Amino acid sequence: MRASKTVLALLTIAAVAVAQDSAPAPLPAATGELLLAAMPDRADLLVHTPDLPALLASTDAAGIGGDELWAAAFRAQLEHWGAASGSPERLVDGGEALLRAADGEALVASLRLPPIGGPSRATLLALRSSRRESELRKALLGVLEGGLAGLYSGVPRQEQVQSRPVTVLTRPEGRLYISVQDGLVAVADHPLALGLLFRGLESAGEPKGPGEKRLEVRYGRGKERWTGWMYGDRESVSWKAPNDVPLVAHVPDGPRVVVAVATVEPEDSPLLPAPPPAWIVDLDPTPGHADAVVLLDDGEAAACIARLEVSTGQPPFSVVVRPESDVVADDLVPGAKPVAGGASHVRWLRAYATGTLALPLPGIDGELLAPIVEQAEAALDSARPFHAWTVTEQSGEVRGPAWHGPTTMLALRTLHDLSRRRDPGPAVVRGDGGAPLPTPGVHRPLPPPTEDREAPLPEDALPEDRLPDDRLPEDREPPPREE
């Protein structure tokens, strides 16, 4: 088993698993972009890989730990999750079976939906496999007994969504809908999300092959969408920029930098793996200069304002602003080359291991990453490199290396907001570490959803005669939620 586990794999394990015992003949290869093609455009937070095994294997070349250490951390995390049920071995067996059988594409997405039968922001996870339904159900039983049964205490029952059978787990906070078919496992906390996926699969046609693409990320909708790709050993992120000039700043590349992002002004950016503190957003922009938000290894942030002293002939430098003082320039290296941003090698992973950066998925033990980080750092031949991101002639495009580039950071931010049920867009964090608060943007505000939460289902959601069983006509009240 190739065990270079990623945050995406851990998220998948927490919900469902697929089996690995070989009984029936396997289905054809499940790689490609069928799930991606089936997703509606309203999915404004999305992370997709056309070939999960290839994505996980690519971490080796990027120098992010070794297989044995990732396997140990993976198993320890499952044991931790399964301890509450008293049967951690069941969750471990089911989770490891998932990784052996997840030989195709995988997707996790979030989208706004009417809160009838589910939350107003639904979460959907789906994966394709070459395994048959009987094998998948066998592993699902282990996941139910080893993990989900402790969270969803209600008696599981069978329902239908768009004429397809689903297993429904209940608890006071909501429901979980699980669909298992030949070659497909799909899980959602809203029945309409499953219905939209099923309808999309019916009209998606033949799946496009994965090619060299390893990852695709979508953050936002329409003209406000940021889209990232990982092809081979390179990454690229594109968005609709407010001007025609490629954005760069003189970003310090000192030894304490985790990730840096050039911006029009010091505010939030989806290329940051987590929202910056509120004081960043409150800083006044510098006219005629590009700024950069820098996350440091102590968990703090800094705004680096790039200036050019033309009259004195001095080289450009960065004035580093910190919350406890007006200007500090001695803890970061000034005079860096103009870049679109960048990340220090493995330092973002260490920030998760030490807790100085908020994990994208709550419930994961960051300390389990420490041995992986230590091995990756010990393998460096020289000082830790700073992986700079570059721009192209076209504004609104940034490129960087795989696993240290802008797509990786966009994926981490997307998972961060998805797991916290946040709408995509600029955010700040309370000083007491509370939940993120939305804040208006200046150069790229992402509009709030326009759906009326109390309105009937959208006409384009599902045909009226194929609504999930718990859907009711407009003139009837919905049934009371089960406790």
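Residues numbered from 1 in each chain as written. Predicted model: local features only at pLDDT ≥ 70, side-chain atom pairs only at ≥ 80, totals over all residues. Heavy atoms only, no water.

A look at the overall build of the protein
- The secondary structure content of the protein amounts to 11 helices and 22 strands.
- Counting only residues that meet the buried cut, the protein has 55% of its 483 residues in that class.
- When the accessible surface of the protein is split by element, carbon and sulfur atoms take 53% of a total near 20500 Å². (Helix = DSSP H or I, 4+ residues; strand = E, 2+ residues; numbered from the N terminus. Buried < 20%, exposed > 50% of the residue type's maximum accessible area, 1.4 Å probe, protein only. Areas by Shrake-Rupley, 256 points an atom, 1.4 Å probe, with all protein chains shown as cover.)

Some points on the pairing of strand S10 (residues 234–238)
- The sheet contact formed by strand S9 (residues 226–231) and S10 spans five bridges and is antiparallel. Residue pairing across strands places Gly-228 opposite Val-237, the latter belonging to S10.
- Linkage of S9 to S10, two consecutive antiparallel strands, is achieved through a turn of two residues, within which Gly-232 is found at a positive phi near 60 degrees.
- Across five bridges, S10 lies against strand S20 (residues 397–401) in antiparallel orientation. Considered in S20, the bridge of Arg-234 is made with Pro-401. (Pairing = 2+ DSSP bridges.)

Re the pattern of salt bridges
- Under the counting rule described, the total for this entry stands at 22 salt bridges.
- A salt bridge links Glu-133 to Arg-137; its shortest N-O distance comes to 2.8 Å. In this pair, Glu-133 and Arg-137 both sit in helix H6 (residues 133–151), four residues apart, roughly one turn of the helix.
- Arg-164 is the partner of Glu-202 in a salt bridge, and the nearest nitrogen-oxygen pair spans 3.6 Å. Placement of Glu-202 in helix H7 (residues 191–203) and of Arg-164 in strand S5 (residues 164–171) is noted, with a sequence separation of 38 residues between them.
- Glu-202 gets classed as partly exposed once you look at its relative accessible area, which sits at 42%. (Salt bridge = Lys/Arg side-chain N within 4 Å of Asp/Glu carboxyl O.)

With respect to the environment of Ala-379
- For Ala-379, the position within the fold is in the loop between helix H10 (370–378) and strand S19 (386–391).
- The exposed category is assigned to Ala-379, whose relative accessible area is 56%.
- Counting along the chain gives 314 residues from Ala-379 to Gly-65, while the straight-line C-alpha distance between them is 8.9 Å.

Topic: H7
- The end-to-end C-alpha separation of H7 is 19 Å, in line with the 18 Å expected for 13 residues at 1.5 Å each.
- Judged by how many residues are buried, H7 sits mostly within the fold: 10 of 13 residues are covered.
- Following H7 by one or two positions, Gly-205 adopts a phi angle in the positive range, close to 75 degrees. (Expected span 1.5 Å × (residues − 1).)

Structural notes on the side chain of His-345
- For His-345, the location among the structural elements is in the loop between strand S18 (341–344) and helix H9 (347–354).
- Apart from residues no more than four positions distant in its own chain, His-345 is found in contact with Ala-62, Gly-63, Leu-380, Arg-384, Pro-385, His-387 and His-404. (Contact = heavy atoms within 4.5 Å.)

Re the pairing of strand S7 (residues 184–188)
- Along S7, five of the five residues are buried, which leaves the element largely enclosed by surrounding structure.
- Here S7 shows no split at all, with Leu-184, Ala-186 and Ala-188 on one side and Val-185 and Val-187 on the other all buried.
- Pairing geometry for strand S3 (residues 121–128) and S7, over five bridges, is antiparallel. Across the sheet, the residue bridging to Leu-125 is Val-187, located in S7.
- In this structure, the hairpin formed by strand S6 (residues 174–181) and S7 is closed by a connection of two residues, where Gly-183 is found at a positive phi of approximately 75 degrees.

Quick look at the packing of aromatic side chains
- What the rule picks out here adds up to two aromatic pairs.
- Aromatic side chains Trp-226 and Trp-239 sit 4.2 Å apart centroid to centroid with 10 degrees between the ring planes, which places their arrangement in the stacked category. Residue Trp-226 is found in strand S9, and its partner Trp-239 is found in the loop between S10 and strand S11 (249–250); the two are separated by 13 residues along the sequence. Of the two residues, Trp-226 and Trp-239, neither departs from the other in class, the shared state being buried.
- Note on Trp-348 and Tyr-352: the rings are 6.2 Å apart at their centroids and 85 degrees apart in plane angle, and the pair reads as edge-to-face. Of this pair, Trp-348 and Tyr-352 both sit in helix H9, four residues apart, roughly one helical turn.
- Its relative accessible area of 3% is what places Tyr-352 among the buried residues.
- Between the NZ or CZ atom of Arg-164 and the centre of the ring of Phe-198, over which it lies, the distance is 4.6 Å. (Phe/Tyr/Trp six-rings, centres within 6.5 Å; stacked < 30°, edge-to-face > 60°. Lys NZ or Arg CZ within 6 Å of the ring centre and 35° of its normal.)

Thoughts on the confidence of the model for the protein
- Mean pLDDT for the protein: 76, with 72% of residues reaching 70 or above.
- Model confidence for the protein, summarised as mean pLDDT per element, is weakest for strand S22 (residues 436–438) at 37 and strongest for strand S1 (residues 43–49) at 98.
- Here residues 325–335 is a poorly scored stretch, pLDDT under 50, and it has 23 contacts once near neighbours within four places are set aside; other chains count. (pLDDT = per-residue confidence, 0-100.)

What about the nonpolar core?
- Leu-148, Ile-178, Val-259, Trp-348, Leu-349 and Trp-389 are the most contacted members of the largest nonpolar core, which totals 77 residues.
- If one sorts the elements of this core by residue count, helix H11 (residues 406–419) sits on top with six residues.
- Leu-36, Ala-38, Met-39 and Leu-192 belong to the second largest nonpolar core, which has 28 residues in total. (Core = buried A, V, L, I, M, F, W, Y, C linked by side-chain atoms within 4.5 Å.)

Here's the deal with the packing of helix H4 (residues 67–82) against H10
- Taken N-terminus to C-terminus, the directions of H4 and H10 make an angle of 165 degrees; their axes are 9 Å apart at the nearest point. Taken together, the axis directions place H4 and H10 in an arrangement best described as roughly antiparallel. Judged by the sense of rotation from one axis to the other, the crossing of H4 with H10 is left-handed. Of H10, the residues touching H4 (which contributes Leu-69, Trp-70 and Ala-73) are Pro-371, Ile-372 and Gln-375.
- Looking at side-chain class alone, the contact of H4 with H10 contains five nonpolar, one polar and no charged residues. (Axes fitted to C-alpha atoms, helices over the stretch in contact; angles between N-to-C directions. Parallel < 35°, antiparallel > 145°, perpendicular 65-115°, else oblique. Left-handed = near helix turned anticlockwise from the far one by under 90°. Nonpolar A, V, L, I, M, F, W, Y, C, P; charged D, E, K, R; others polar.)

So, unusual backbone geometry
- Backbone geometry at Gln-162 places phi at a positive 50 degrees, although glycine is not the residue there.
- Relative accessible area serves as the criterion here: at 3%, Gln-162 is assigned to the buried category.
- One non-glycine residue, Val-346, lies in the positive phi region at around 65 degrees.
- Its location among the elements puts Val-346 in the loop between S18 and H9.

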